[in-house]
Amino acid sequence: MSNVATRQDAGPAPSTAQPPARRAFPTDFLWGSATAAYQIEGAAAEGGRGPSIWDTYSHTPGRTLNGDTGDVADDHYHRWAEDVQHIKDLGLGAYRFSISWSRVQPGGTGEFNPEGIAFYSRLVDALLEAGVKPVVTLYHWDLPQELEDRGGWANRETAHAFAEYARRMARELGDRIDVWTTLNEPWCSAYLGYGSGVHAPGRTEPVAALAAVHHLNLAHGLACLAIRDDLGNDTMTSVTLNLHVIRPDDPTSEADLDAVRKIDGLANRAFLGPLLDGAYPADLLADTAHVTDWSFVQDGDLEIVRQPLSVLGINYYSTTKVRHFAGDGERAENDGHGASSHSPWIGVEDVEFVTQAGPYTAMGWNIEPAGMTELLLSVHRAYPGQPLMVTENGAAFDDEVTVDADGTARVHDDRRVAYLHDHIDAVGAAIDAGADVRGYFAWSLLDNFEWGYGYDRRFGIIRVDYDTLERTWKDSAHWYRRLATTSVLPGVAEVG
C-alpha cells in the first residue's frame, strides 16, 4: 500500500508549520499599574487633609457629571492594605501612585501634616514588603486650594512651594521610592485647568494657561534639584507627559501640515523643548506672541528646568487629527478633551480638530494601537539616549457584571483585554525598532473618580462597586496577571 494511501487511512498528515512565536518582553521589563490620589483615596476631610482645587471644583454645581466628587471615591485611604494585596496578587513589579499634596501639607506652604505623611510611609512599606517597587508621582492635578487662592500655577511662587514639598517628601520616604515623578501630564494642568476650564481650577484665562505651562516646567526642575540634593545624584527622577500623536487631515495640504506644527508646539514641544533641550521652540513663542510675551520666563529658568531624566514617562490613549480652519462655519473641536466654549489650544484659532474613525472607547477616544508605536519611536528618534516608560495606557468601557452559577461576580471585559493586548504589542514593536522602553503601567488599577466624568467612566482592571466599595477582578485583571508574571504577551482569549 502506498504511503499516500496510508496517510489517507490514518487521517491528515500533521502540520510541520510552527505556531507563531509569542511576543516576549525583556526579563527586567517593569509591569505595573497606576492610580491618582484624588481619584481613589476618599477621606477628603480626614487625617488632617486640607482642601485641594479638585475638592472645590467637584463641589461646584455643574462642574462634574452627576455632581460627583472624590469625597469617598474608592476609599483607598482606609482600604489601602486590601489594595496592596490586589497589587501583589496581580504579580505586578511596580505600583505608580500619587501623593496628595494637601494631605501632607494642607496649605501648600507652612506646616506639614505628620498623619498624612505616615499614611504614605505605611503604604510604601507595605509595597516593599509585597515585593513591589513604589513609583511616586508628586503632583497629579490636586493643588492645595490655598495656593490656588494666591494665583495657582499662574503664580511663580507655586513652583517654589512645590520644590519644598518635594524636598520634604524625599526626606520622609527616602530611598524607599524607586522613581520620583514630579508631574503627571502638565499639559492637562495648564491648558484644561487654566485655558478651557474643564479641569480644576476651572479658569479660562489664556495668559494664565501659558504662564502655568512655564511654572509647571520650572516646578519640575526645582523639584528634581531638591530631591537629588537630599537623596543624592543617583536618585531616579522623572516626569510624565501626555504627548499627542497629531496627524493632518490632508497630508498633501501645506495648511494642514502647518496646523500639525502649531498643535505639536502647544501639546508636545512646550514641554519637551525646555525639559530636554533647555529652550522653548521659537515657533511656539511666535504663534502665541499675540497672547503673551512670555516675560514670565526669567533669566536662569531654563537651566533649572532642563534636568537629566532617569526615565521619561509617556501616557498614550488615542490619536489626534487636525486641519486648517479657514473661518467658514463652526470650527470642529473634536479633540477629546471635554466640551467648553473656551479652547485649551491657546493662540491657534485657525486650527480645527477632525472626528476620527472608530472604534471608540467610552470616552469617545479612537482606538489606534499603531499610534503607540509611532509615539515611542518619534520620541526615541528625537532623544535617542533617553530611557522611556509607558506610565499610563488603558480604556474606559461600559462594563457589565454577570453572576456565575456559583454566585461569583464576573466582569467579562473583552474589549479592554483586546485594547491592552494590542497596545502592549505596539510597545513591543517599538522596542523591536530600537526604542528604549523600560516598563508599562496599565491605567488603572481600580475604577475611580474620572475627573469631570465622575463615576460614569470605568478604566479599572479591578471593578469597584461604588455602593459597597467591593473590589472585583475583571477578566482584564486576570489577563494582565498572566502577562505580568511571565513577560510573555497572552492571546486575547487567554483569560484565566
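Residues numbered from 1 in each chain as written. Predicted model: local features only at pLDDT ≥ 70, side-chain atom pairs only at ≥ 80, totals over all residues. Heavy atoms only, no water.

An order of β1-β2-β3-β4-β5-β7-β10-β13 is seen for the eight strands of this closed barrel, with the pairing classed as parallel. Here the average twist between neighbouring strands, direction ignored, is 25°. Relative to strand β13 (residues 437–443), strand β10 (residues 388–392) is paired through two bridges, and the arrangement is parallel. When the bridges of β13 are listed, valine 390 appears paired with tyrosine 440. Set on the sheet, helix α9 (residues 186–196) makes contact with β3 (133–139), β4 (179–184) and β5 (237–241); between it and β4 the angle comes to about 20°. (Pairing = 2+ DSSP bridges. Helix = DSSP H or I, 4+ residues; strand = E, 2+ residues; numbered from the N terminus. Axes fitted to C-alpha atoms, helices over the stretch in contact; angles between N-to-C directions. Contact = heavy atoms within 4.5 Å.)

Right, let's talk about the pairing of strand β1 (residues 30–34) for a bit. The buried fraction of β1 is high, at five of five residues. Sheet topology note: the β1/β13 ladder contains five bridges and is parallel. Paired with serine 33 across the bridge in β13 is alanine 442. (Buried < 20%, exposed > 50% of the residue type's maximum accessible area, 1.4 Å probe, protein only.)

In this model helix α4 (residues 76–89) runs just 17 Å from its N-terminal to its C-terminal C-alpha over 14 residues, more than 12% under the 20 Å that 1.5 Å per residue would give. Glutamate 82 marks where α4 bends most, by close to 40°. Along α4, the residues that are buried comprise His76, Tyr77, Trp80, Asp83, Val84, His86 and Ile87. Residues of α4 that are buried sit in contact with α2 (37–40), β2 (94–98), α5 (101–104), α6 (114–129), β14 (462–464) and β15 (471–473). (Expected span 1.5 Å × (residues − 1). Bend = angle between axes of the 7 residues up to and from the residue.)

Bringing the pairing of β5 into the picture now. Taking burial as the measure, the five residues of β5 include five buried ones, the bulk of the element. Residues Thr237, Val239 and Leu241 of β5 are buried on one face, and the alternating residues Ser238 and Thr240, pointing to the opposite face, are buried as well. Both β4 and β5 contribute to a ladder of three bridges, which runs parallel. Bridged to asparagine 184 within β5 is threonine 240. As paired elements, β5 and strand β7 (residues 311–315) share four bridges and run parallel to each other. Bridge pairing in β7 places valine 239 opposite leucine 312.

Our focus in this paragraph is the environment of methionine 236. Among the structural elements, methionine 236 can be located in the loop between α10 (206–231) and β5. By relative accessible area, methionine 236 is classed as partly exposed at 34%. With twelve residues separating them in the primary sequence, methionine 236 and cysteine 224 have C-alpha atoms 9.3 Å apart.

In this section: the pattern of salt bridges. In this structure the tally under the stated criterion is 38 salt bridges. Across the pair arginine 203 and glutamate 148 runs a salt bridge whose closest N-O atoms are separated by 2.8 Å. With arginine 203 in the loop between α9 and α10 and glutamate 148 in helix α7 (residues 145–149), this residue pair connects regions lying 55 residues apart in the sequence. As a salt-bridge pair, aspartate 258 and arginine 261 come within 2.7 Å of each other at their nearest N and O atoms. Taken as a pair, aspartate 258 and arginine 261 lie in helix α11 (residues 254–277) at a separation of three residues, close to a single helical turn. Salt bridges linked by common partners bring Asp258, Arg261, Lys262, Asp264, Arg269, Asp283, Asp287 and Asp350 together as one network. (Salt bridge = Lys/Arg side-chain N within 4 Å of Asp/Glu carboxyl O.)

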